[in-house]
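# A structural walkthrough
The primary structure of each chain is shown beneath.
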Amino acid sequence: IKFDSCTVALRFILHVTRDLDDYNDKKERDFHIRAKFGLAKGKVLVTDDGDIAGEAWEHCCTLSEDKAEVGEILVTEMVKQDLERDLYGCKFDLREASEG
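A brief structural summary. For clarity, every value in this text was computed on a predicted model and none was experimentally measured.

Turning our eyes to something else, we now look at the packing of helix H1 (residues 6-25) against helix H3 (residues 77-86). The geometry of H1 relative to H3 is characterised by a closest axis approach of 9 Å and an angle of 95° between their N-to-C directions. In terms of orientation, H1 and H3 fall into the roughly perpendicular class. From H1, Cys6, Thr7 and Leu10 reach across to H3, where they touch Val79, Asp82, Leu83 and Asp86. Classifying every residue of the contact of H1 with H3 gives 4 nonpolar, 1 polar and 2 charged.

Laid out in structure tokens, this is it:
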């Protein structure tokens, strides 16, 4: 999904998490949908087959699949800077970047 800004992307993710919480509140734990998110900024290439490639895509995959815990939204430093500029009072829990 392409967003006009990091703020719009974050708002979308927050909306999705609220919808998931509403859904999960009505279901037994075995039927919960659990999600974790990565948010990066940059150009990507989407092929006619729907494959996605690019550095921003790789960052999103690494953040969401390898580093985030269920319920977390992890962002790159570039996204963090945009959000701090656009959302006054936006706060982040910092994690050390790891290699790999």
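Next comes the rest of the write-up.
Attention now moves to the environment of Val79. Along the chain, the position of Val79 falls in helix H3. Along the primary structure Val79 and Leu63 are separated by 16 residues, whereas in three dimensions their C-alpha atoms are 13 Å apart.

As a further point, take the environment of Arg34. Turning to its location among the elements, Arg34 is positioned in the loop between H1 and strand E1 (37-39). Residue classification places Arg34 among the exposed residues on the basis of a relative accessible area of 59%. Taking the C-alpha atoms as reference points, Arg34 and Thr47, 13 residues apart in sequence, are found 28 Å from one another.

The next thing to look at is the packing of aromatic side chains. Centre distance and the angle of the planes are the two values used to describe a pair of aromatic rings. Scanning all chains against the criterion turns up 1 aromatic pair. Ring centres of Phe3 and Phe12 lie 5.3 Å apart, and the angle between their planes is 45°; this geometry places the pair in the tilted category. The exposure class of Phe12 is partly exposed, given its relative accessible area of 36%.

Before going further, it helps to examine helix H2 (residues 55-67). The end-to-end C-alpha separation of H2 is 17 Å, in line with the 18 Å expected for 13 residues at 1.5 Å each. Buried residues along H2 sit in contact with E1 and strand E4 (73-75).

Procedures and definitions
- Residues numbered from 1 in each chain as written.
- Predicted model: local features only at pLDDT ≥ 70, side-chain atom pairs only at ≥ 80, totals over all residues.
- Heavy atoms only, no water.
- Axes fitted to C-alpha atoms, helices over the stretch in contact; angles between N-to-C directions.
- Helix = DSSP H or I, 4+ residues; strand = E, 2+ residues; numbered from the N terminus.
- Parallel < 35°, antiparallel > 145°, perpendicular 65-115°, else oblique.
- Contact = heavy atoms within 4.5 Å.
- Nonpolar A, V, L, I, M, F, W, Y, C, P; charged D, E, K, R; others polar.
- Buried < 20%, exposed > 50% of the residue type's maximum accessible area, 1.4 Å probe, protein only.
- Phe/Tyr/Trp six-rings, centres within 6.5 Å; stacked < 30°, edge-to-face > 60°.
- Expected span 1.5 Å × (residues − 1).

Worth remembering: the numbers are spatial, not functional.
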